[in-house]
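# Structural description and commentary
Read off the chains here:
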Amino acid sequence: MTQPITAIHQFHHGVDVGDGVTNSLLFIQRLLQELGFDSHIYAASIPAAMAERVRPCHALERCDPEDTLLLQHHSMGHDLGDWLSRLGVPRALVYHNITPAGFFSPGSDLHHYATLGREQLVQWRDEFRAVLAVSEYNAEDLVALGYAREAITTLPLLVDLERLAEAPEKLPEPAARLHPALAERPYLLFVGRLVENKRQHLLLEALWHLQRMQARHGGGPPAMLVLAGGGERSDYGHFLRQRLHQLQLDDSVVMPGKVDDALLQGLYRRSAAFVCASAHEGFGMPLVEAMLADCPVVAMGLTNIPHTLGEGGLVLDSEDPAVMAASLSLLLEDEALRNEVIAGQRRSLERYRPEVLADSLRDWLETF
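Residues numbered from 1 in each chain as written. Predicted model: local features only at pLDDT ≥ 70, side-chain atom pairs only at ≥ 80, totals over all residues. Heavy atoms only, no water.

Right, let's talk about the overall build of the chain for a bit. Scanning the chain for helices and strands turns up 14 helices and 13 strands. Its C-alpha atoms give the chain a radius of gyration of 22 Å, within 12% of the compact-globule value 21 Å for 368 residues. If you line up the chain on its principal axes, its C-alpha atoms span 75 × 45 × 40 Å. Per-residue burial over the chain gives 54% buried out of 368 residues. Surface summary for the chain: the accessible area is close to 16,300 Å², and the carbon and sulfur share equals 49%. Of the side chains in the chain, 31 bear a positive and 49 a negative charge, and the two mean positions are spaced by 4 Å. (Helix = DSSP H or I, 4+ residues; strand = E, 2+ residues; numbered from the N terminus. Rg over C-alpha atoms; globule rule 2.2 N^0.38 Å. Buried < 20%, exposed > 50% of the residue type's maximum accessible area, 1.4 Å probe, protein only. Areas by Shrake-Rupley, 256 points an atom, 1.4 Å probe, with all protein chains shown as cover. Lys, Arg positive; Asp, Glu negative; His and termini not counted. Charge placed at Lys NZ, Arg CZ, Asp CG, Glu CD.)

The next point concerns the packing of aromatic side chains. Summed over the entire model, instances satisfying the criterion amount to six aromatic pairs. Summarising the aromatic geometry, the rings of Phe-11 and Trp-83 are spaced 6.2 Å apart at their centres and angled 55° between planes, so their arrangement reads as tilted. With Phe-11 in strand E1 (residues 7-11) and Trp-83 in helix H2 (residues 81-86), the pair connects residues that are 72 residues apart, well separated along the chain. For Phe-11, a relative accessible area of 0% translates into the label buried. By relative accessible area, Trp-83 is classed as buried at 10%. Pairwise contacts between aromatic rings join Phe-190, Tyr-268 and Phe-274 into one cluster. (Phe/Tyr/Trp six-rings, centres within 6.5 Å; stacked < 30°, edge-to-face > 60°.)

Moving on, we come to the pattern of salt bridges. For the coordinates displayed, the defined rule picks out 16 salt bridges. In this structure, Arg-30 engages Glu-34 in a salt bridge whose closest nitrogen and oxygen atoms are separated by 3.1 Å. Residue Arg-30 and its partner Glu-34 are located together in helix H1 (residues 20-34), separated by four residues, close to a single helical turn. Owing to a relative accessible area of 22%, Arg-30 belongs among the partly exposed residues under this scheme. (Salt bridge = Lys/Arg side-chain N within 4 Å of Asp/Glu carboxyl O.)

Attention now moves to the side chain of Glu-281. Mapped onto the elements, Glu-281 comes out in the loop between strand E11 (273-276) and helix H10 (285-292). A polar side-chain atom of Glu-281 sits 3.0 Å from a polar atom in the side chain of Ser-278. With residues near it in sequence (within four places) discarded, Glu-281 still touches Tyr-137, Lys-198, Thr-303, Asn-304 and Ile-305. (Polar contact = N/O pair within 3.5 Å; in protein donor to acceptor, adjacent residues only side chain to side chain. Contact = heavy atoms within 4.5 Å.)

So, on to the environment of Lys-258. You can see Lys-258 is positioned in the loop between strand E10 (253-257) and helix H9 (261-270). Spatially, the C-alpha atom of Lys-258 lies 23 Å from that of His-111, the residues being 147 residues apart in sequence. Residues in contact with Lys-258, not counting those within four places in the same chain, are Val-17, Gly-229 and Gly-230.

Before going further, it helps to spend a moment on the nonpolar core. Phe-274 and Val-288 are the most contacted members of the largest nonpolar core, which totals 87 residues. The biggest single contributor to this core is helix H7 (residues 200-217), with seven residues. Sequence-distant contacts of Val-288, that is, excluding residues within four places in its chain, are made with Val-159, Leu-161, Leu-164, Phe-283, Thr-308, Leu-349 and Tyr-352. Core analysis: the second largest hydrophobic core is formed by 29 residues, Leu-93, Phe-104, Leu-145 and Ile-152 among them. (Core = buried A, V, L, I, M, F, W, Y, C linked by side-chain atoms within 4.5 Å.)

With that settled, the discussion passes to the sheet that holds strand E13 (residues 314-316). Strands sit in the order E10-E9-E8-E11-E12-E13 across an open sheet of six strands; the sheet is parallel. The open sheet has two edge strands with one neighbour each: E10 and E13. Going from strand to strand, the sheet's axes swing by 20° on average, the running direction of each strand aside. As paired strands, strand E8 (residues 187-191) and E11 are joined by two bridges and run parallel to one another. Bridge pairing links Leu-188 to Ala-273 in E11. The sheet strands contacting H9 are E8, strand E9 (224-228) and E11, and the helix crosses E8 at an angle near 135°. (Pairing = 2+ DSSP bridges. Axes fitted to C-alpha atoms, helices over the stretch in contact; angles between N-to-C directions.)

Neighbouring strands of a sheet are bound in pairs by backbone hydrogen bonds; such pairs are parallel or else antiparallel. Taken together, the seven strands give an open sheet; going across it, the order is E3-E2-E1-E4-E5-E6-E7, and neighbouring strands pair in parallel fashion. The open sheet has two free edges, formed respectively by strand E3 (55-56) and strand E7 (152-154), since each of these has just one partner strand. Note: E1 against strand E2 (residues 41-43), two bridges, orientation parallel. Note on E2: the bridge partner recorded for Gln-10 is Ile-41. In the packing of helix H4 (residues 136-144) onto the sheet, contacts are made with strand E5 (91-95), strand E6 (128-133) and E7, and the angle to E7 comes to roughly 165°.

We now examine the packing of H1 against helix H14 (residues 354-366). Two measures define how a pair of helices packs: the angle their axes make with one another and the distance between the axes. Across the interface, H1 lies against H14 with an axial gap of 10 Å and an inter-helix angle of 70°. The angle between H1 and H14 places the two elements in the roughly perpendicular class. Seen from H1, the contacting residues are Phe-27, Arg-30, Leu-31 and Leu-32; seen from H14, they are Pro-354, Leu-357, Ala-358, Leu-361 and Leu-365. When the residues that make up the contact of H1 with H14 are grouped by side-chain class, the tally is eight nonpolar, no polar and one charged. (Parallel < 35°, antiparallel > 145°, perpendicular 65-115°, else oblique. Nonpolar A, V, L, I, M, F, W, Y, C, P; charged D, E, K, R; others polar.)

By themselves these figures say nothing about function.
Written out as structure tokens, the structure reads:
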């Protein structure tokens, strides 16, 4: 580049309201504008609700390559790979991870685009001016695809704590909206689409074990489980319904589908614990949302989950639902442990403060 960069724009193949990558795009745009750069977001798939905030991707063809840098976000394969390579604008990769194709049915669109997404990362490997991974696990994924580890910067530009902390003064009562028993019984929470790699079936089994432990200890009303997230009509969603019926948990599990932000905040604030048995998390934004709401987290320590939690939460080295149940039983009974977990989560959140991320973003940009 022969002149200073004055514009740093962003591209992702699609955006949507409430989507994790989209929230990251908006957060980074705010940081870039605060740093003094002209910054716009471009995408191919733009819902009407975001038309005023996101521009059609082909408008990028009018950018001046002499003073522009494009942050190319990548989270799944798409059909614009060759167009991006021909664009002529200097690009930096922002990698959000791709769920391995093996988690999807062969022949499905998800399987195809997950496979394509990794092939594109290899194809583009020598085209980027810089590479940024939003988590340590994502950085390791890029190294496995042939990227040089020393050329990758890890920076969690996903977490807008200021936005997440915004909540109505009076949050909706989950019991009134979802199930009356939630007002009387402790409940566990997981937030995420009902898909195989999230492994909500292990959470059902953990609840089954936990209820039996509670019955033996005389620990009050049996715990419940709320699985908030879309996909309840998928094959895996139907399997979960069958499994909870087999475990005789029909009166203990609530599957409300995707819920609005206000109700979600109410769930985080009032749940006894956030539980996660996911086999694959490139980052795991709900873990941060739970920590911000002072909801103690119990999670199986796979992929990026330990990095996201830092010193927060109870991170398990076992994938046995009975071990998770035992940890939950201890957490629910021991107030001192609960307070210690929450204190660790508050310390862990310091890494995600906007001013910390803004300074790190500025330092990264100055390197090239």
